[in-house]
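# Coordinates in review
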Amino acid sequence: DGSREIIFRDEVFLTHEDLKVTGDQFCFNTAEESGTFSGHVVLEREESRDEQGEVVKEGLRLVCGNLYLQTKVKNVIATEAPRIEHADFTGSGETISYRDEEEKLTISGGFHLLMDQDELLGEEICFDLKQKTFEAQRGATPLEMRIEIEEKEETPEEPGPGGQ
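Report follows, based on the coordinates. (Residues numbered from 1 in each chain as written. Predicted model: local features only at pLDDT ≥ 70, side-chain atom pairs only at ≥ 80, totals over all residues. Heavy atoms only, no water.)

Our next topic: the side chain of Lys 57. Counting through the fold element by element, Lys 57 comes out in strand S5 (residues 55-57). Judged by relative accessible area, which is 15%, Lys 57 ranks as buried. A distance of 2.8 Å separates a polar atom in the side chain of Lys 57 from a polar atom in the side chain of Asp 100. Once residues within four sequence positions are removed from consideration, Lys 57 is found in contact with Arg 45, Glu 46, Glu 47, Ser 48, Asp 100 and Glu 103. (Helix = DSSP H or I, 4+ residues; strand = E, 2+ residues; numbered from the N terminus. Buried < 20%, exposed > 50% of the residue type's maximum accessible area, 1.4 Å probe, protein only. Polar contact = N/O pair within 3.5 Å; in protein donor to acceptor, adjacent residues only side chain to side chain. Contact = heavy atoms within 4.5 Å.)

Right, let's talk about the environment of Gln 131 for a bit. Secondary-structure assignment places Gln 131 in the loop between strand S12 (124-128) and strand S13 (133-137). According to the relative accessible area criterion, Gln 131 is exposed, its value standing at 54%.

Bringing the packing of aromatic side chains into the picture now. Taken as a whole, this structure holds 5 aromatic pairs when the rule is applied. Taking 4.2 Å as the distance between ring centres and 5° as the angle between the ring planes, the aromatic pair formed by Phe 89 and Phe 127 counts as stacked. With Phe 89 in the loop between strand S8 (83-86) and strand S9 (90-99) and Phe 127 in strand S12, this residue pair connects regions lying 38 residues apart in the sequence. A single burial state applies to Phe 89 and to Phe 127, both of which are buried. Note on Phe 127 and Phe 134: the rings are 5.6 Å apart at their centroids and 45° apart in plane angle, and the pair reads as tilted. In this structure Phe 127 comes out as buried when scored by relative accessible area, which is 5%. (Phe/Tyr/Trp six-rings, centres within 6.5 Å; stacked < 30°, edge-to-face > 60°.)

Moving on to the pattern of salt bridges. Within this structure, the stated rule accounts for 13 salt bridges. Of the charged contacts, one joins Glu 46 and Lys 20 as a salt bridge, the two residues approaching to 3.7 Å between their closest N and O atoms. Here Glu 46 is found in the loop between strand S3 (34-45) and strand S4 (48-49), whereas its partner Lys 20 is found in strand S2 (residues 19-29), with 26 residues between them in sequence. Relative accessible area serves as the criterion here: at 43%, Glu 46 is assigned to the partly exposed category. With relative accessibility at 33%, the residue Lys 20 sits in the partly exposed group. (Salt bridge = Lys/Arg side-chain N within 4 Å of Asp/Glu carboxyl O.)

As far as function goes, none of this settles anything; it's purely spatial.
What follows is the structure, encoded as structure tokens:
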């Protein structure tokens, strides 16, 4: 079929469009246009903007021990202690997968998520990064959310012009 598997070792660096990936090893299949990074893997996607300066895709950083990458469509599956850093949250779980075309990010196998001062734990969470929405599933254990609420000091109201 003409396909080849190419193995790159020792500080591998791949740049593809807006993605930069580094790892200790990269095994690439030429026919499938996909491969697996292993070792200390770091994937970074630069923030991209349109002609008006509006953010089209926010930047993200994914660190893990094993990363399967479909280079043509920029889909990834990260395992071995994956951790993601996004502008709106930081999260970890057993598996983190991302589909670039739909901008869908899923953390599964038990997730731990930090958003500002809030903390969310559960079985699986799926983000639609384009719509800025998410859906979380609790699995067998209850979905747990820790929210820090800051109390605002109430200022006494000034009497109105009529002395009231």
